[in-house]
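# Summary of the model geometry
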Amino acid sequence: AGAAGGGFGAEGGGFGTSAATGAEAEGADVSAAGPGAVSFVADPFAELVLMVLAWLQQADGILRGDVILPIIKAMGFRTRAVINALAREVFWSHNEAECQVLLRTSGGAAQHPKPLPAVYLHKQVHMDLLTNVKHMGSKSKADQLAGKLGWGTKSELRRVYGAFRIVLMGLREVFFDPDRLYLKTMLEGLVEWPVSHHGRIGPHGGALTAEEEALRHWTKAADDPKAAGDPQWLHAKRQVMGQVMRGGGRCESGVLRRLLQLVLPEAELEALFEPGAPNDLSAVLFWGRRQVHMRCASAVDPQAPQPAAEDYGLPAGAATLLGMQVRMRGAIGASVEELRAALEDAGRPEAPPPPTAAVGDEGPGRPEGEAAARGADVDVAAAAATAAGGEEDSAAASMVDEARLCLFLQQVPELFFMPEAVFLRHIVESAILQPPPPPAALPGEPSAEAGEGTSAADAADDAQGQGDDVEATLAALAESMMMVDKPSGAQVALQGLPALAGPAPEAADGFFSFTQFGPSAAEPSAKRRRIDTAAAAAAAVAMQPGVAVASWGGDAASWATEGAAVLVRNLLQADVPDVEGTVVRATGSTCTVRIHIAGGGGATVERDVPLPSLVPVAPTVGATVKVLVGDRQGCLGELVGLAGDKGVVQIGRMFYEPLPMSHLVVMAAVVE
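Reference entry: report on the structure contained in this document. (Residues numbered from 1 in each chain as written. Predicted model: local features only at pLDDT ≥ 70, side-chain atom pairs only at ≥ 80, totals over all residues. Heavy atoms only, no water.)

Roughly 1100 Å³ of volume is contained in the largest pocket. Lining the largest pocket are 47 residues; nearest its centre among them are Lys-114, Leu-116, Ile-166, Met-169 and Gly-170. Broken down by secondary-structure element, the contributors of at least two residues to the lining of the largest pocket are α8 (156-161), α9 (164-170), β4 (174-175), β5 (180-183), α10 (184-187), β21 (636-643) and β23 (655-660). Looking at which element gives the most residues to the lining of the largest pocket, the answer is β23, with five residues. (1 Å grid on protein atoms, 1.4 Å probe; cavity = no way out; pocket = protein on both sides within 12 Å on 5 of 7 lines; lining within 4 Å. Points joined across faces, edges and corners; volume = space filled by probe spheres on them. Helix = DSSP H or I, 4+ residues; strand = E, 2+ residues; numbered from the N terminus.)

Here it is, written out as structure tokens:
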């Protein structure tokens, strides 16, 4: 733990007064501890660099940056220092890297995962961007490149093409991914490595140079001034993190307890996992001392035997019950207390109902009846006492010993419960714990689990059920809108709605009921308010997902323009296929549609169709589209590509503009 140790002397992380003092303290602690001695981490910074390289190797050369950044911040190091230490083997387009942008080879351009259309940028802008990347070489940074091109926040280029970084990530010829770390060997052949004053910045073989070796060890330049605070706490958390990293991402909690007693005696290990506490490290460390989680399938040993619950004093089938309880609680897992209570509830039999004794009615004042009643009371009391004693015995038998339960939980292969070990959170969440289930699909959206395993008959039944629901909704809404027209203060009755309660009970003799009063025969019939049936239907179907309609009683939707390509749906019969059509004119909530008759040799027929039964044709690349809103409203163009949630529309011969897909409607020329 010397000057380069990163932990003890004044030159080793800011703790203590000298390197010798740190070494002497370490030797004193080790000798005092005896066989259970704690070895300090001489260089936590070097342990961090080695850990990142190991994770990259395990992840096939690609690692998310948001996994590393919290650890760097927690240890109080500069991100630039870590990038420089990894620069020989790792490329990371981070803001603090010297080189962020690379040019792709022809093979790399063909492997771009989500490229923008080749005509997205103007030809001159495209050429200027690539030329500047090439000229900047090993010093190419995104911000400087945007400055050279004049691509500022309020520039015309930003207004026309969008944010520079997003465009840069989408260009086929450019490699720019600030969210991930890459082993340079993975990028060999995909990018063109520029040359710096040290030579080609691509992957190198052989041993590290003296300069590269020095960058992988702690120096004062590696410390982040923003993390300056309590030097004793900074040293303590670097030692804790270093111990876990040196153990491959795992360390026994007892070792960390003894370590904290040496470097920060007033701190307890539990304080490092209290959310919101000053010494909270739960964002980067994981300690499931009282929580049980489900393992992912790859982390379950198929050869591991299932433990016998009876050997631990637990009821048979305890493993299945515990697995169900943990799975029900999802990603947060279940606590030991919750699982213990679940086992005790499952093992406690239901209490039988108290016995009752029937006593004959022998009339008041008769001694035989009183004696029989007293005898029955005695029998009931005796039975109740016997039942109470049985309940106490069953409750005692259903108690679960927590120590045995904890041992059993550690033996179940599908469960993850290691209360004596502290892990790096990334290792636990990426390789051990079962990931949280995907969010439930909204009504009307296909489920992620449905798809291949769903038969055509089941899908048809579901669609028919949805059609019945729509029909019932329309009928209920139409009936509910038929209100009784009464003067102010009179009762308003809604017709057609299901009753919230059963029929009113009849009044007992001698009492009257408010339900007995009704309107006189001479009262005129109530007048019903007129409603627009088509508008009511539109309002009901507007709540169905995927249907874009205008407001009730208003004009047609903006996409229902003359010449728009639409699909005519049958809302009441889901098994009837959609029919292609063209909007001829739109009036209110109804459109006149020219329907193309299948197999009719190009014959068409015009029909008036309610707006809820129409769906615009989804835009695809190559389709002729019309701009509905914005500065280009009413312009026709060709959809030449997709850029995220926007479509690139070619208007005229040389003008390309990205527009939201919701602002476009397909014209019928592509379907006729």
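Back to the write-up after that little detour.
Consider a sheet: its strands pair through backbone hydrogen bonds, and that pairing is either parallel or antiparallel. Reading across the sheet, the three strands line up as β1-β5-β2 and stay open at both edges, with antiparallel pairing between neighbours. Both edges of this open sheet fall to β1 (62-64) and β2 (90-92), since each of them pairs with a single strand only. Adjacent strand axes in the sheet meet at a mean angle of 25° when their direction is disregarded. As judged from the three bridges shared by β1 and β5, these two strands associate in the antiparallel manner. Paired with Leu-63 across the two strands is Leu-181, which belongs to β5. Strands β1, β2 and β5 of the sheet are contacted by helix α2 (residues 44-58), whose axis makes an angle of about 80° with β5. (Pairing = 2+ DSSP bridges. Axes fitted to C-alpha atoms, helices over the stretch in contact; angles between N-to-C directions. Contact = heavy atoms within 4.5 Å.)

The subject of this paragraph is unusual backbone geometry. Even without a glycine there, the phi angle at Asp-60 is positive, about 60°. Within the secondary structure layout, Asp-60 lies in the loop between α2 and β1.

Side chains that differ in sign of charge can pair as their charged atoms come close. Within the structure shown, the criterion is met by 20 salt bridges. A salt bridge links Arg-64 to Asp-66; its shortest N-O distance comes to 2.9 Å. Classification of Asp-66 by relative accessible area gives partly exposed; the value is 49%. Each of the salt bridges in this network shares a partner with another, and the network as a whole consists of Arg-290, Glu-337, Arg-340, Glu-344 and Glu-402. (Salt bridge = Lys/Arg side-chain N within 4 Å of Asp/Glu carboxyl O. Buried < 20%, exposed > 50% of the residue type's maximum accessible area, 1.4 Å probe, protein only.)

Pairing in this open sheet of three strands is antiparallel, and the strands run β9-β14-β10 from one edge to the other. Where the open sheet ends on each side, the last strands, each with one partner, are β9 (250-252) and β10 (285-286). Taken together, the three bridges between β9 and strand β14 (residues 421-424) define a ladder with antiparallel strand orientation. Looking across to β14, one finds that Glu-252 is bridged to Ala-421. Against the sheet, helix α13 (residues 253-263) engages β9 and β14, with an angle of about 75° to β9.

Time to look at the packing of aromatic side chains. Inspection of every chain in the model, using the stated rule, returns 11 aromatic pairs. Arranged with centres 5.1 Å apart and planes meeting at 85°, the rings of Phe-45 and Phe-77 form a pair that is edge-to-face. Taken together, the residues Phe-45 in helix α2 and Phe-77 in the loop between α3 (65-75) and α4 (79-86) connect sequence positions 32 residues apart. According to the relative accessible area criterion, Phe-77 is buried, its value standing at 2%. One aromatic cluster in this structure is built from Phe-91, Phe-175, Tyr-182 and Trp-193. (Phe/Tyr/Trp six-rings, centres within 6.5 Å; stacked < 30°, edge-to-face > 60°.)

Inspection of the entire model under this criterion finds two cavities of 30 Å³ or more. Counted as a void, the largest cavity has a volume near 60 Å³. By residue class, the composition of the lining of the largest cavity is six nonpolar, two polar and two charged. (Nonpolar A, V, L, I, M, F, W, Y, C, P; charged D, E, K, R; others polar.)

Bringing α3 into the picture now. Of all the residues in α3, the buried ones are Gly-65, Val-67, Ile-68, Ile-71, Ile-72, Ala-74 and Met-75. Phi turns positive one or two residues past the end of α3, at Gly-76, with a value near 75°.

Right, let's talk about the environment of Gly-242 for a bit. Note that Gly-242 resides in helix α12 (residues 231-246). Classification of Gly-242 as buried rests on a relative accessible area of 0%. Those residues within four positions of Gly-242 in sequence are excluded, and the remaining contacts are Val-41 and Glu-47.

Right, let's talk about the nonpolar core for a bit. Residues Phe-45, Leu-48, Trp-55, Ile-71, Leu-285 and Leu-424 are the most contacted members of the largest nonpolar core, which totals 53 residues. Counting only elements with at least two residues in this core, the list comes to α2, α3, α4, β2, β5, α12, α13 and β14. It is α2 that provides the largest number of residues to this core, a total of eight residues. Those residues in contact with Phe-45 that lie beyond four places of it in its chain are Phe-77, Ala-81, Val-82, Ala-85, Leu-215, Arg-216, His-217, Trp-218 and Ala-222. Ranked by size, the runner-up nonpolar core spans 26 residues in total, among them Tyr-120, Leu-149, Leu-157 and Tyr-656. (Core = buried A, V, L, I, M, F, W, Y, C linked by side-chain atoms within 4.5 Å.)

Among the secondary structure elements, Ser-138 is positioned in the loop between α6 (123-136) and α7 (142-149). On the accessibility criterion, Ser-138 (11% relative accessible area) is buried. What Ser-138 contacts, discounting residues up to four positions off in sequence, is Glu-98, Cys-99, Pro-194, Val-195, Ser-196 and Ile-201.

At a minimum axis separation of 10 Å, α2 and α4 run at an interaxial angle of 60°. In terms of their interaxial angle, α2 and α4 are classed as oblique. Classified by chirality, the crossing of α4 by α2 is right-handed. Contacts between α2 and α4 involve Phe-45, Leu-48, Val-49, Val-52 and Leu-53 from the former and Ala-81, Val-82, Ala-85 and Leu-86 from the latter. When grouped by side-chain class, the residues that make up the contact of α2 with α4 number nine nonpolar, no polar and no charged. (Parallel < 35°, antiparallel > 145°, perpendicular 65-115°, else oblique. Left-handed = near helix turned anticlockwise from the far one by under 90°.)

Bringing the environment of Asp-60 into the picture now. By relative accessible area, which is 60% here, Asp-60 ends up exposed. Separated by 122 residues in the primary sequence, Asp-60 and Tyr-182 have C-alpha atoms spaced 9.1 Å apart.

Another point: the packing of α12 against α13. Axis angle and axis distance: for two packed helices, these are the angle between their axes and the distance between the axes, and together they describe the pair. As a packed pair, α12 and α13 sit with axes 10 Å apart at the nearest point and diverge in direction by 155°. Compared by their axis directions, α12 and α13 come out roughly antiparallel. The chirality of how α12 crosses α13 is right-handed. Across the interface between the two elements, Gln-232, His-235, Ala-236, Gln-239, Val-240, Gln-243 and Val-244 from α12 touch Val-255, Leu-256, Leu-259, Leu-260 and Val-263 from α13. Each residue belonging to the contact of α12 with α13 can be placed in one class, and the counts come to eight nonpolar, four polar and no charged.

Two strands pair when backbone bridges link them, and strand β15 (residues 565-568) and strand β16 (residues 579-587) are joined in this way by four bridges, in the antiparallel orientation. Residue pairing for β16: Val-566 is matched across the bridge by Gly-581. In the sheet, β15 pairs with strand β19 (residues 614-616) via three bridges, with the strands oriented antiparallel. Across the sheet, residue Leu-567 finds its bridge partner in β19, namely Val-615.

All we've got here are geometric facts, nothing functional implied.
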